[in-house]
Structures are given as C-alpha cells and as structure tokens.
Amino acid sequence: MPAQLEHTNYTVSDIDATAAWMMELFGWHIRWRGDSRTKGKSVHVGTDTHYLALYTHGKANPPSEDSYETVGGLNHIAVVVDDIQDLRDRVTKAGFTPGEHYDYEPGQRFYFHDHDGIEYEIVQYD
C-alpha cells in the first residue's frame, strides 16, 4: 500500500471557532480534543480516516511573512467536494470571501481565507 496523508497539524487562534466552521462547511466531526504540547490545546476535526489537527497555545503570534515566500510556510490546505458551487455559497454564508476560481484539468477550484488568514482551496474533480 502506498503511503497516505493522515493529518496536518497547524496553529490557529481559536480551535473551537475553526472546528465549528469546518464541521458546518465540510460535514466533518471532532475526532479528539485535549491537552497538547507546551500547555496548548488541540482539536482533531475531519473524517474517520483523515483530519486536520488544530492547535492553539492560547496566545499565538500572528503570521509575519508571506507563506509563499517562506521555506516551510503553509501555503494552503485543499479539500475535495462534490458540488463546488454549493460550497462556494456556504463559504459566503459563513462570512468568508471566495476568491480566485480556476477551471483546469482535472477539475475546478476556488480559494478563500479564514479568520486567521489561512488559505483553503476547494476542489471539485470533473
């Protein structure tokens, strides 16, 4: 079996707020919640097989550099959906602004930033 991605762990300002909009938009659930390294808190939100590990230390520093120009920077997180227009509408309803939209093989995609400035790519394969 080839290796597969299980999770990505990254820092957000409010794990509860981020987990809430992810559950609303993506239909995910909380797999685990608890204490984490250096007195922080974590929430694992996703499906039974894949998830995002949201971490907060309580007082995280805001990003200070453009991630696309920083080695090791988080550029975006991509999520595959069946109905990209429905997700675009729900992203808007959740208070985020859908950005660039592209149609190219093997499908279409758009991007949005959350309240922490983290970029998400929404993909629908044709």
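Not measured: the values here are computed from a predicted model.

Rules and cut-offs
- Residues numbered from 1 in each chain as written.
- Predicted model: local features only at pLDDT ≥ 70, side-chain atom pairs only at ≥ 80, totals over all residues.
- Heavy atoms only, no water.
- Pairing = 2+ DSSP bridges.
- Helix = DSSP H or I, 4+ residues; strand = E, 2+ residues; numbered from the N terminus.
- Axes fitted to C-alpha atoms, helices over the stretch in contact; angles between N-to-C directions.
- Contact = heavy atoms within 4.5 Å.
- Expected span 1.5 Å × (residues − 1).
- Buried < 20%, exposed > 50% of the residue type's maximum accessible area, 1.4 Å probe, protein only.
- Arc of directions from axis to C-beta.
- Polar contact = N/O pair within 3.5 Å; in protein donor to acceptor, adjacent residues only side chain to side chain.
- Phe/Tyr/Trp six-rings, centres within 6.5 Å; stacked < 30°, edge-to-face > 60°.
- Lys NZ or Arg CZ within 6 Å of the ring centre and 35° of its normal.
- Left-handed = near helix turned anticlockwise from the far one by under 90°.
- Nonpolar A, V, L, I, M, F, W, Y, C, P; charged D, E, K, R; others polar.

Thoughts on the sheet that holds strand β2 (residues 29-35)
Then comes step 1: Within the open sheet, the 4 strands sit side by side as β1-β4-β3-β2. Their pairing is mixed. Each of the sheet's edge strands pairs with one partner strand only, and the pair in question is β1 (7-11) and β2. For this sheet, the mean inter-axis angle between neighbouring strands, taken without regard to orientation, is 20°.

A few points about the sheet that holds strand β8 (residues 119-125)
Then comes step 1: The sheet built from 4 strands is open, its strands ordered β5-β8-β7-β6 with mixed pairing. The sheet terminates laterally at β5 (77-80) and β6 (101-104), the two strands that pair on one side only. Strand-to-strand twist in this sheet, taken as the mean axis angle between neighbours without regard to direction, amounts to 25°.
Then comes step 2: When β5 meets β8, the two strands line up parallel, connected through 4 bridges. In the sheet register, Val80 faces β8, and the bridge partner there is Val123.
Then comes step 3: Contacting β5, β7 (107-113) and β8, helix α1 (residues 15-26) runs over the sheet at an angle of about 15° to β8.
Then comes step 4: Helix α2 (residues 84-93) contacts β6, β7 and β8 of the sheet and is inclined by roughly 10° relative to β7.

Notes on α1
Then comes step 1: With 12 residues, α1 extends 16 Å from end C-alpha to end C-alpha; this agrees with the ideal 16 Å at 1.5 Å per step.
Then comes step 2: Every buried residue belonging to α1 is among Ile15, Thr18, Ala19, Trp21, Met22, Leu25 and Phe26, and all of these are buried. Along the long axis of α1, the arc covered by the buried residues comes to 165°, so they all point the same way.
Then comes step 3: At the N-terminal end of α1, a side-chain oxygen is found 3.1 Å from the backbone nitrogen of Asp16, two or three residues along, and the residue is Asp14.

Describing the packing of aromatic side chains
Then comes step 1: A complete count under the given rule lists 9 aromatic pairs for this structure.
Then comes step 2: Plain terms: the ring middles of Phe26 and Trp28 are 4.7 Å apart, the flat faces sit at 50° to each other, and that makes the pair tilted.
Then comes step 3: Exposure remark for Phe26: the relative accessible area of 14% places this residue in the buried category.
Then comes step 4: Residue Trp28 is classed as buried on the basis of its relative accessible area, which comes to 18%.
Then comes step 5: Plain terms: the ring middles of Tyr102 and Tyr104 are 6.4 Å apart, the flat faces sit at 50° to each other, and that makes the pair tilted.
Then comes step 6: Residue class for Tyr102 comes out partly exposed when judged on its relative accessible area of 36%.
Then comes step 7: Among the aromatic side chains, those forming a connected cluster through ring pairs are Trp21, Phe26, Trp28, Phe96, Phe112 and Tyr120.
Then comes step 8: The ring centre of Phe110 lies 5.0 Å from the NZ or CZ of Arg88, which sits over that ring.

As for the packing of α1 against α2
A packed helix pair is summarised by two numbers, namely the angle formed by the two axes and the spacing between the axes.
Then comes step 1: At a minimum axis separation of 10 Å, α1 and α2 run at an interaxial angle of 145°. Here the hand of the crossing between α1 and α2 comes out right-handed. From α1, Glu24, Leu25 and Phe26 reach across to α2, where they touch Leu87, Arg90 and Val91.
Then comes step 2: Tallied by class, residues from the contact of α1 with α2 come to 4 nonpolar, no polar and 2 charged.

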